[in-house]
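Listed below are the residues making up each chain.
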Amino acid sequence: MSTETTRGHSYDGIHEFDNRLPNWWLWTFYLAILFSVVYWVHFHTLGTGNLPGEAYVAEQKAAAERLAAQMASNPVTEEMLLKLAKEPAFVGEGRKIFEDMTKCALCHRANGAAAVVGGVPAIGPNLTDGHWIYGGKPMDVYTTILKGRGPDAKIGSAGGMQAWESFGQDFVLKATAFVLSIKNTNVPDGKAPEPYAKKE
Ligand code: HEC
């Protein structure tokens, strides 16, 4: 394939051959162009394909729907929550959620004891003691996390616990399992019970 034709220039006595590009190389080039046209038309002009971001969202949605369907045939009960609270892997997942400073730890501290740190009290109550505002039974805790709580004039509670339902059933179940696992562990130096909390 090489020819004796040169490009006609010379640098320090070095010449450059004027060879034709090999056919295999040209074909990868033509095919790449063809691919880009097909790709563009498929994804961007006709919109007949799911881009990776959209495909990911669709997969997540399908997974959430599968889980929701599972839950629908398997309603949340006290027994189920107690069982989940004894599954180390499940509680571990819940711990990760809880210790996230943008989630529960923001108001309850990472260990759930809501201790005063640097003179600043935690916003939320201590979840490791035996006092509960909205009840410490598994379904109470689950409902608190799912739907949020307060303020409630009847018991004089201040409110401020947000609903986490939008994070999905799985998230709420894991967080519930973790809270049940730290309940009554009475972590030292935890926050004193709120005046409107009841001993259980
Ligand atoms: C923005 C602050 C904030 C965040 C974030 C937050 N909480 Fe709370 N939480 C509160 C407050 C405040 C209360 C008490 C509400 C009241 O007194 O009416 C509370 C109450 C609770 C209770 C009920 C305690 C009782 O005595 O009945 C549970 C359980 C709880 N939170 C769990 C969680 C979990 C799990 C998360 C993370 C998924 C979380 N919280 C995130 C502020 C927060």
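Asker: Is there a simple way to think about the site of the ligand in this case?
Answerer: With respect to spatial proximity, 26 residues lie near the ligand, and among them Cys 104, Cys 107, His 108, Tyr 134 and Met 161 are the closest. In this structure, His 108 approaches the ligand through a side-chain N or O atom, which is 2.8 Å from a nitrogen atom. For the ligand, an oxygen atom lies 2.5 Å from a polar atom in the side chain of Tyr 134. At the level of secondary structure, the elements contributing two or more residues to the shell around the ligand comprise α5 (105-108), α6 (138-147) and α7 (169-182).

Asker: For this particular structure, what's the right way to read the domain arrangement of the chain?
Answerer: A common way to state how big an interface is: give the accessible area lost once the parts meet. Domain parsing of the chain yields domain 1 (6-49) and domain 2 (75-199). The gap between the C-alpha centroids of domain 1 and domain 2 is 61 Å.

Asker: So what exactly am I meant to see when it comes to unusual backbone geometry here?
Answerer: Both trends apply: most residues other than glycine have a negative phi, and most peptide bonds are in trans. A cis amide bond, omega -5°, links Gly 150 with the succeeding residue Pro 151. Assignment of secondary structure puts Pro 151 in the loop between α6 and α7. Phi is positive for Asn 186, which is not a glycine, with a value near 45°. Secondary-structure assignment places Asn 186 in the loop between α7 and β4 (198-199). Unusually for a residue other than glycine, Asp 189 sits at a positive phi of about 65°.

Asker: What exactly am I supposed to notice about the pattern of salt bridges here?
Answerer: If charged atoms from side chains of opposite charge come close, those side chains can pair. On inspection of all chains with the given rule, the structure shows eight salt bridges. The salt bridge involving Lys 103 is made with Asp 100; its shortest N-O contact spans 3.2 Å. Note that Lys 191 and Glu 194 form a salt bridge whose closest N and O atoms lie 3.8 Å from each other. Since its relative accessible area comes to 14%, Glu 194 is described here as buried. Taken together, the shared-partner salt bridges in this structure form one network comprising Glu 93, Lys 96, Asp 170 and Lys 174.

Asker: Explain helix α4 (residues 88-99) to me, please; I cannot follow it from the model alone.
Answerer: Each turn of an α-helix holds 3.6 residues, which means side chains three or four residues apart point in the same direction. Its 12 residues place the ends of α4 16 Å apart at the C-alpha level, agreeing with the 16 Å of an ideal helix rising 1.5 Å per residue. Taken residue by residue, α4 has Phe 90, Val 91, Gly 94, Ile 97 and Phe 98 as its buried positions. Looking straight down α4, one finds its buried side chains confined to an arc of 110°; they lie on one side. For α4, exposure combined with an orientation more than 90 degrees from the buried face picks out Pro 88, Ala 89 and Lys 96. Along its buried surface, α4 packs onto α3 (78-84), α5 and α7.

Procedures and definitions
- Residues numbered from 1 in each chain as written.
- Predicted model: local features only at pLDDT ≥ 70, side-chain atom pairs only at ≥ 80, totals over all residues.
- Heavy atoms only, no water.
- Near = heavy atom within 4 Å.
- Polar contact = N/O pair within 3.5 Å; in protein donor to acceptor, adjacent residues only side chain to side chain.
- Helix = DSSP H or I, 4+ residues; strand = E, 2+ residues; numbered from the N terminus.
- Domains from an automatic or database assignment.
- Salt bridge = Lys/Arg side-chain N within 4 Å of Asp/Glu carboxyl O.
- Buried < 20%, exposed > 50% of the residue type's maximum accessible area, 1.4 Å probe, protein only.
- Expected span 1.5 Å × (residues − 1).
- Arc of directions from axis to C-beta.
- Contact = heavy atoms within 4.5 Å.

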